[in-house]
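Residue-level listing of the chains:
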Amino acid sequence: MVDTLVIDTGGTFAMEENELGALVVASEYKINQRLSDLFKSTSTSNSFKYTPLPQDQRIDSSGAKPADWKRLADMIYAERENYQAFLVIHGTDTLAYTGAALSFLLHRFPKRVIVTGSQVPLLEQHTDATNNFIGALMFAQHPQTPSGVFVYFCNKLMRGACVMKVDAERWDAFCSPRMPNVGEIKGGKPCVNREVADALAKLTTPACQPPGPVPDVDQCPLVLVLYPGIDQCHYTFSAPAILIVAHGTGNGPQSLKPHIVNCLDKGVLVAVTTECLHGETNGAYDACVATWDQRIAPCRSMSIPAAYAKLIVYLGFASDSGEDNHKQFKQWMNSSRSGEMNTYPDPEVEILTRPDSKPNIPP
């Protein structure tokens, strides 16, 4: 039996309709009662403690801030000796960003942290909240689930730093487009992809050392989404870092290059990722932003949420400036810390991106 701390940060999961038809936060008693009723008809262990954040600390997912990530990571880290696993309930709008941020803030965390939520409130008759909660709890308590941060949604267990929201309405709202899933529910049982789990263990838990204090991440980079005609606009960049969301394999208009190089000369950190669900920034074309200047960090196969969160965590602990800072930043962005990107040509980690990696039902 595994003791799991369930932290309800807010979002659709714990809401209900009032008499006017508007969604409002349901009482803790109603949610606890509903969760208790779920386990009267299932064999899943209900060894968990449901803890909603106080009303003034609840996170509106669409308005989540890096400071919220830090507060949540601090809370989990503070309870690391009291619980064997953690289940975080979160609103779906920025759930992928929180999953990525926790992956970096709780790097090498020796316990399982699973982030989930729902598209429909738990108290509704037809809802995805019940399956998401029970499935996430099953993986939290499953002995073959590796340590680290994950997102569970619609029967899929995915790496926290590899998830993107791909649907605003359907229950199957999240996917891991560039990396294989860690597991899935099959036949009502948790099924862990052993090859992926073993490879992740080598990346995330050497010697199972707990992380140090989480950094101050209350600094926000500018996210610059490229579009046709952007080079005709006039921008003033005033941020410690810029994440460029480029076309295809990381391409952009050459006329934007002088503006980016000027930012680099002023000490601004620059990284580039792709707008596409699949593929990576690989510098195959002259238009590739990463080739404009050696100080630009290509994000390779990282998702947009992962690249953004990883950049913010770097800003939280970086103290250097100038060329050394650019070098350290590029090295940071190009090293896989939580399985968030491919790490070719390391043969031990190729399995993380191999398309034929399929879940295996444990004996």
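Parameters at a glance
- Residues take numbers from 1 onward in each chain, read along the sequence in its written order.
- It should be noted that, the model being predicted, local features are given only for residues of pLDDT at least 70 and side-chain atom pairs only at 80 or more, the latter also being counted only at that level, while totals for whole chains, interfaces and linings use all residues.
- Note: side-chain values were computed over all heavy atoms of the structure, leaving out hydrogens and water.
- The convention used is that axes are lines fitted to C-alpha atoms, helices contributing only their stretch in contact, and that angles between N-to-C directions extend from 0 to 180 degrees.
- Elements are defined by DSSP. Helices are runs of H or I of four residues or more, strands are runs of E of two residues or more, and each kind is numbered from the N terminus.
- An angle below 35 degrees is read as roughly parallel, one above 145 as roughly antiparallel, one from 65 to 115 as roughly perpendicular, and any other as oblique.
- Left-handed describes a crossing whose near helix is turned anticlockwise from the far helix by less than a right angle; the clockwise case is right-handed.
- In this analysis, two residues are considered to be in contact whenever any of their non-hydrogen atoms come within 4.5 Å of each other.
- Gly counts as polar in this scheme, as do all residues outside two lists: the nonpolar Ala, Val, Leu, Ile, Met, Phe, Trp, Tyr, Cys and Pro, and the charged Asp, Glu, Lys and Arg.
- Remark: nonpolar core denotes a set of buried residues (Ala, Val, Leu, Ile, Met, Phe, Trp, Tyr, Cys) joined through side-chain atoms within 4.5 Å.
- Using a 1.4 Å probe on the protein chains alone, a residue whose accessible area is under 20% of its type maximum counts as buried, one over 50% counts as exposed, and one in between counts as partly exposed.
- Note on pairing: DSSP must find at least two bridges between two strands before they are called paired.
- Salt bridge criterion: a side-chain nitrogen from Lys or Arg within 4 Å of a carboxyl oxygen from Asp or Glu.

(A) Fine view of the packing of helix H2 (residues 66–78) against helix H3 (residues 95–105). The interhelical angle for the contact between H2 and H3, taken along N-to-C directions, is 55°, at an axis separation of 10 Å. Judged on the interaxial angle alone, H3 and H2 are oblique. For the crossing formed where H2 meets H3, the hand is right-handed. Side by side, H2 and H3 meet where Trp69, Lys70, Leu72, Ala73 and Ile76 of the first sit next to Tyr97, Thr98, Ala101, Leu102 and Leu105 of the second. For the contact of H2 with H3, the class distribution of residues is eight nonpolar, one polar and one charged.

(B) Structural view of the nonpolar core. Grouped together as the largest cluster of nonpolar side chains are 50 residues, with contacts concentrated most on Ile76 and Leu106. Element by element, the count of residues in this core is highest for helix H7 (residues 304–317), at nine residues. Residues Val6, Phe139, Val182 and Val192 belong to the second largest nonpolar core, which totals 32 residues.

(C) Fine view of the pairing of strand E8 (residues 156–159). Bridge analysis of strand E7 (residues 148–153) against E8 gives four bridges, and the strand direction is antiparallel. Bridge pairing links Val151 to Met158 in E8. Between E7 and E8, which follow one another and run antiparallel, lie two residues, and Cys154 among them has a positive phi close to 50°. Pairing between E8 and strand E11 (residues 183–186): two bridges, direction antiparallel. For Lys156, the partnering residue across the bridge sits in E11 and is Glu184.

(D) Looking closely at the pattern of salt bridges. Counted according to the given criterion, the structure contains eleven salt bridges. Where Lys70 meets Asp74, a salt bridge forms, and the shortest distance between an N and an O atom there is 2.9 Å. You can see Lys70 and its partner Asp74 sitting in helix H2, four residues apart, about one turn around the helix. You can call Asp74 partly exposed: its relative accessible area is 29%. Between Asp93 and Lys165 there is a salt bridge, with the nearest N and O atoms lying 3.5 Å from each other.

(E) Quick peek at the sheet that holds strand E12 (residues 189–192). The sheet built from eight strands is open, its strands ordered E4-E1-E5-E6-E7-E8-E11-E12 with mixed pairing. Looking at the sheet topology across the chains shown, the edges are occupied by strand E4 (48–52) and E12. On average, each strand axis in the sheet is tilted by 20° relative to the strand beside it, whichever way the strands run. Summarising the sheet, strand E5 (residues 85–89) and strand E6 (residues 112–116) pair through five bridges and their orientation is parallel. Each residue of the ladder has a partner; that of Phe86, found in E6, is Val113. Contacting E6 and E7, H3 runs over the sheet at an angle of about 160° to E7. Relative to E6, helix H4 (residues 129–140) is tilted by about 170°, and along the sheet it contacts strand E1 (4–8), E4, E5, E6, E7, E8, E11 and E12.

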